[in-house]
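Results of the structural survey
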Amino acid sequence: MSDSDQPVTQRIIVLVSDSCDSNAALEAAARMAGRLGAELQALFVEDVNLLRSAGLPFAREIGLTSATVRPMSPEAVEQQLRAQAERSRALLERIAQRMNIRSSFRVSRGNVESEALGSARPEDMLIICRADHRRRGGSRLSDREGRIVSAAHCTVMLVGERQPEENRAVLVLYANTARGRRSLALAASMARDAAQPLVLLLPPGSEAEHDRLAASAREWAQTHNLQLRFRELGHVDAAALLSALRQEEGDSLVIPRDAAALRDPHDRLLLDEVDTPVVVVP
Amino acid sequence: MPKPQALKADQVFRACDPDALGFDTTDDLEDLDRIIGQDRAIEALRFGTGMRSHGYNLFVLGPNGIGKFEVVKHYLQDRATQEPVPGDYCYVHNFQHPNEPKLLALPGGQGEQLRKDLEQLVSELRTAIPATFESDEYQQRARELHQELNRRQQQSIREIQKEADEHDIALIQTPGGFTFAPKKDGEVMDPEEFHSLPQEERERVEKIVEKLQEKLQAAIQQMPKVRKDIQERVRKLNEEMAEFAVGHAIGEFKERYSESPAVLEHLDAIRQDVVENVDALGNQSDQSANAMEQLMSRYRANVLVDNSTQQGAPVVYEDLPTYQHLLGRVEHHVHQGALTTDFRLIKPGALHRANGGYLILDVRKLLMQPLAWEGLKRALLSRQVKIESLEQLYSMISTVSLQPQPVPLDVKVVLLGDRLLYYLLSAYDPDFLDLFKVQADFEEDLDRDEESQQLYARMIATMARREGVRPLEKTGVARVIEHGSRIVDDSERLTTHNRQIADLLSEANFWAGDAGSHVIDETHIQRAIDHQEYRASRIRERMDRAIQRETILIDTEGEATAQINGLSVMQLGNYAFGRPTRITATARLGRGHMVDIEREAKLGGSIHSKGVMILSNLLGARYAQDHPLSLNASIAFEQSYGMVDGDSASVAEFCVLLSALSDLPIRQSLACTGSLNQHGKVQAVGGVNEKIEGFFDVCSARGLTGEQGVLLPASNVPHLMLRPDVREAVAAGRFHIYPLNTVDEALEMLTGREAGERGDEGQFPEGSVNRLVDDRLQELSRLQRWESRPERGSNGKSETDNGNDE
């Protein structure tokens, strides 16, 4: 494994939208920026579809909880979006000041997904928060997160509302592939910066395969002066990864995008159900 | 009448022969394992502790320092070891009525076991419950339910979305919900473009949107029902898992308590509570950690009484018997400025600790503590200990408190106190005799004979060892025995006042150490006695000095008319000393009025007045049977400025009055003490040793003439235990002690004349004291009659009568 495997994340872009908890996403993004020594940019996208629909003569909003029907107007929606953007900007400034990181705030108007993907370069890390389905009554209408994860050219981190805890392990699903090594390098740099334990999750295989995988990881770890711990998985589906996260009391999970747990369109556990941050390496 | 014979030296002191004791030092003696001289009290203790009926508690009477506490404690401890160990009591949480903690009664030693078991249970639950909820099985089942909820909720929305897609309508998320909008090329149609649509098209779209909105509304309204259904299933799942976790943990030690239904019932209540609170117990977030600890703390036990290390029945002495120390209390924690409590803060009182055994209390301390006496009585009457907060009872504080279930009480209370308190409580507290039916009255002295001296010696040996002092040589023991008699002012008795003897031993030990001796002998004992007296004798020496300087007038030689040396005792704290007091009398014509100047000046007590009345009547009966007593007389204690009481001066008062009447002088070298009855017999008085020594000291300081001495009642002779210097003077004939039986003997000794008895003609012999008195009184009577003639005036007043008899 060469030093070129070592990722250099130059910028953290956090997507602040109307459907998630900006505070949790900004906190997670600022912490990651601090860890990786990267610049933090918050992107607030005014959803053009929402603005258009508000302009229609029959525009109505149906309450998520109460099911009441309220009239909508473009002015009111614009006002709401501006206010939300201002709140997010103020929040970002406070967090950046507290954590002493460079930050910027950008507002764009358009399709949320396209704006997010369009603004991120391959060396960036895009942070998006999971739409909180429990808060939204369990209803998930679009697979925006899934599409961003699949299409992004950069690393994507999905965060939930759970606040991270000190000294918890960073877990990484390891495979002896280029993507697997990039995942390991990223997880290592996350763990090293916060002095967290690093746990390598080994996919099921023969003893010889495990030994080979572990040896390659150890060799890499030695050159980077890192302590590793290994955990063998029975399966590599989402449930097995979640179980490992729980048992290891993991702080975050780093996973290559080609992992089976992300490929199954019906198994959305990792994208939807977990509070723990999941970092997907393309 | 034969004159009283002066007492010999062996009559004024009963010595103890050291050689007759039969040992050299107290090291040769065995410990005395019984209490001497307290048979009555011990029998009462035996009876009182043996009677198990209600109300047979004991009151041990006797003065302080007599050793009541040690005797009672040792007796009870001996007895208690033969009795069974009582059971344990625990308080546990009452799940039905949280402010009324539940009492669990357990066999002795099981309380602590239960506490440990419940601690273990809590510890297991703390890990077992989260582990159960962390298990893959639970997570899987919970996830399935969660996914089902999502599926059911999304299904209805998806159907609406699908229908919307079919009509080219988009379902869009808004900050607060959803909205519908027509699409064009996959994007929401611009409003201007929509306006440019034909009217019909616009209406069609609006109708579809309206219909979709209604459907969406209906779908959202169904969601709470779906959620409720799933939540109910989650709750059932949680209960099922909790039941598994707690059932396993409890089942392990349930068998141990199979014979305690109350414990089993409590374990079931814990299991039920775990299941009901599984959400808080299974949640591992930091916020719920406190809630979980609070819930868990309710499963613990508070061992109120732990008899696991107790041998026999408990014997408890509570030296600060406050209400709370007796009946227990409920403590509080301060939490964020508020006072909170729970069953774990219930603290036991002495009654709890002594339950099943004996509780010793000092009644004086008990009565000095507010409400403690009433609290004790209430517990004994109801036969249960109920912990009540005094603060709440008297509205001093308003906070959450507990009403723990009362503890059944089976205790024998032994109160220690002086006699006065016993008699006062008997008279004024109607409950007292119902609750304390047995009195154990401690003797203050015991017979002194050969056998008791031997036992006393062993008691001294035991005490010396217990006090950690040097062994006593036999002469030392003999001197202690002699002093034991002196303490009770009786050569035929010995004191049972253990503290005084123990103090004497300790002090003698000090002086023995000072002298470099490894044993305590009589010189050390004597030095301790002398030093005790020296330390207390500042006032006595001051008075002696006043007498020597004749500031206080006391004659100790020569003769004087109407003046006599009486003897009195002054008590200062625990030190008493005697001193002579000059008593004078006057007599003149009058109407039979006897003035007791002390009483008139309100310096005389009622017993003294009684003595003066008796001598007044003796005077009348003896000399004025057939004519009125035409006399006004007065008696005074000269230079006495404090209260005088007692009748021990009545012999002296009678003699000095007769001296005043007969004009016969009285020997001032003698002092006199003794009380008088109406027939002229001399009766015993108290404090004779101090009185004799007091007069001796005055005479001795001026130089003994060989004439000086003391007259005292013959019945007081057995009480004499005089100091060595007095005994030496008596032996050498330089100081005399005369026993009196009648007042005539005193008159003869004091005047040197025959007292005289009435002859056949009713006359006293010529020249006798009584004759002179009789003649003088008859003369006064004649004078009175002469003065009362009608021609002397209608009011009958004489010139010599100044009206004192009015």
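Conventions adopted
Residues numbered from 1 in each chain as written. Chains lettered and ligands numbered in written order. Predicted model: local features only at pLDDT ≥ 70, side-chain atom pairs only at ≥ 80, totals over all residues. Heavy atoms only, no water. pLDDT = per-residue confidence, 0-100. Contact = heavy atoms within 4.5 Å. Buried area = accessible area lost by both parts, 1.4 Å probe. Salt bridge = Lys/Arg side-chain N within 4 Å of Asp/Glu carboxyl O. Pairing = 2+ DSSP bridges. Helix = DSSP H or I, 4+ residues; strand = E, 2+ residues; numbered from the N terminus. Axes fitted to C-alpha atoms, helices over the stretch in contact; angles between N-to-C directions. Domains from an automatic or database assignment. Buried < 20%, exposed > 50% of the residue type's maximum accessible area, 1.4 Å probe, protein only. Expected span 1.5 Å × (residues − 1). Parallel < 35°, antiparallel > 145°, perpendicular 65-115°, else oblique. Nonpolar A, V, L, I, M, F, W, Y, C, P; charged D, E, K, R; others polar. Phe/Tyr/Trp six-rings, centres within 6.5 Å; stacked < 30°, edge-to-face > 60°. Polar contact = N/O pair within 3.5 Å; in protein donor to acceptor, adjacent residues only side chain to side chain. Patch = residues over 30% accessible without salt bridge, like charges linked within 9 Å, V, L, I, M, F, W, Y side chains within 5 Å. Areas by Shrake-Rupley, 256 points an atom, 1.4 Å probe, with all protein chains shown as cover.

1. Describing the confidence of the model for chain B
Summary statistics for chain B give a mean pLDDT of 89 and a share of 96% for residues scoring 70 or more. With pLDDT under 50 throughout, residues 796-806 of chain B is counted as low confidence; its partners more than four residues away or in other chains account for 14 contacts.

2. Quick look at the interface of chain B and chain A
As a measure of interface size, the accessible area lost when the parts come together is often cited. Contacts between the two partners involve 42 residues from chain B, matched on the other side by 37 residues from chain A. For the pairing of chain B and chain A, the buried interface totals around 3,600 Å² over both sides, and the portion due to carbon and sulfur atoms is 55%. Contact with chain A buries surface across chain B, with Gln173(B), Pro175(B) and Phe178(B) losing the most and accounting together for 17% of the total. Here chain B is connected to chain A by three salt bridges. With a shortest N-O distance of 2.8 Å, Asp136(B) and Arg246(A) are connected by a salt bridge.

3. Let's talk about the sheet that holds strand β2 (residues 39-47) of chain A
Residue and element names in this part refer to chain A. Strand order in the open sheet formed by 10 strands is β5-β2-β1-β6-β7-β12-β11-β8-β9-β10, and the pairing between neighbours is mixed. Of all strands in the sheet, those with a lone pairing partner are β5 (103-110) and β10 (228-232), marking the two edges. Strand after strand, the sheet turns through a mean of 25° between neighbouring axes, direction not considered. Bridge count for strand β1 (residues 11-16) against strand β6 (residues 124-129) is four bridges, and the pairing is parallel. Considered in β6, the bridge of Arg11 is made with Asp124. Relative to β2, helix α4 (residues 112-119) is tilted by about 155°, and along the sheet it contacts β1, β2, β5 and β6. Along the sheet face, helix α8 (residues 238-247) touches β8 (169-173), β9 (198-202), β10 and β11 (250-256) and points at about 150° away from the line of β11.

4. Brief notes about the domain arrangement of chain B
With domains assigned, chain B is organised as domain 1 (22-34 + 443-536), domain 2 (38-86 + 312-442) and domain 3 (555-756 + 765-792). On a C-alpha basis, the centres of domain 2 of chain B and domain 3 of chain B stand 54 Å from each other.

5. A look at the pairing of strand β5 (residues 177-184) of chain B
In terms of burial, β5(B) is largely enclosed, as six of its eight residues are buried. Of the strand pairs in this sheet, strand β3 (residues 60-63) of chain A and β5(B) are connected by two bridges, and their pairing is antiparallel. When the sheet's bridge partners are listed, Gly63(A) is paired in β5(B) with Gly177(B). Sheet topology places strand β4 (residues 169-173) of chain B next to β5(B); five bridges connect them, and they run antiparallel. Residue pairing across strands places Ala170(B) opposite Ala181(B), the latter belonging to β5(B).

6. Some words on helix α1 (residues 22-36) of chain A
Residue and element names in this part refer to chain A. A rise of 1.5 Å per residue sets the reference length of α1, with its 15 residues, at 21 Å; its end C-alpha atoms lie 21 Å apart and thus fit the reference within 8%. Across the 15 residues of α1, 12 count as buried, placing the element largely inside the fold. Buried within α1 are the following residues: Ser22, Ala24, Ala25, Leu26, Glu27, Ala28, Ala29, Ala30, Met32, Ala33, Arg35 and Leu36. Looking at the residues trailing α1, positive phi occurs at Gly37, about 65°.

7. What about the side chain of Glu248(A)?
All names here are of chain A. In this structure, Glu248 sits in the loop between α8 and β11. A relative accessible area of 16% means that Glu248 is categorised as buried. Residues contacting Glu248, with those up to four places away along its chain left out, are Ala169, Leu171, Val199, Arg229 and Arg231.

8. Structural notes on the packing of helix α4 (residues 110-134) of chain B against helix α5 (residues 136-166) of chain B
In a packed pair of helices, the relevant descriptors are the angle between the two axes and the axis-to-axis distance. Residues and elements named next belong to chain B. Their axes nearest at 5 Å, the elements α4 and α5 cross at an angle of 50°. Classified by the angle between their axes, α4 and α5 sit oblique to one another. Where α4 abuts α5, its residues Thr132, Phe133 and Glu134 lie against Asp136, Tyr138 and Gln139. Partitioned by chemical class, the residues of the contact of α4 with α5 number two nonpolar, two polar and two charged.

9. Some details on the packing of aromatic side chains
Under the criterion given, the structure shown has 17 aromatic pairs over all chains. A centroid spacing of 4.9 Å and a plane angle of 80° characterise the contact between Phe510(B) and Trp511(B), whose relative ring orientation is edge-to-face.

10. Quick word on the side chain of Thr322(B)
Residue and element names in this part refer to chain B. Turning to its location among the elements, Thr322 is positioned in the loop between β8 (315-317) and α11 (323-327). Of the polar contacts made by the side chain of Thr322, one reaches the backbone nitrogen of His325; its length is 3.0 Å. Beyond its immediate stretch of four places on either side in the chain, Thr322 contacts Gln369 and Ala372.

11. What about a nonpolar patch on the surface?
Residues Leu420(B), Leu424(B) and Tyr428(B) make up a contiguous nonpolar surface patch of about 370 Å² in total accessible area. Turning to its location among the elements, Leu424(B) is positioned in helix α16 (residues 419-428).

12. Section: the sheet that holds strand β29 (residues 709-713) of chain B
Residue and element names in this part refer to chain B. Taken in spatial order, the seven strands line up as β23-β24-β22-β21-β26-β29-β30 in an open sheet, and their pairing is mixed. In this open sheet, the two strands that pair with only one neighbour each are β23 (593-596) and β30 (736-740). Direction aside, neighbouring strands of the sheet carry axes that sit 30° apart on average. Pairing analysis gives four bridges linking β23 to strand β24 (residues 631-637), with the strands arranged parallel. Bridging across to β24, His593 finds its partner in Asn632. Packing of helix α25 (residues 650-662) onto the sheet brings it into contact with β21 (563-572), β22 (575-589), β23, β24, β26 (670-672) and β30, and relative to β22 it is tilted by some 30°.

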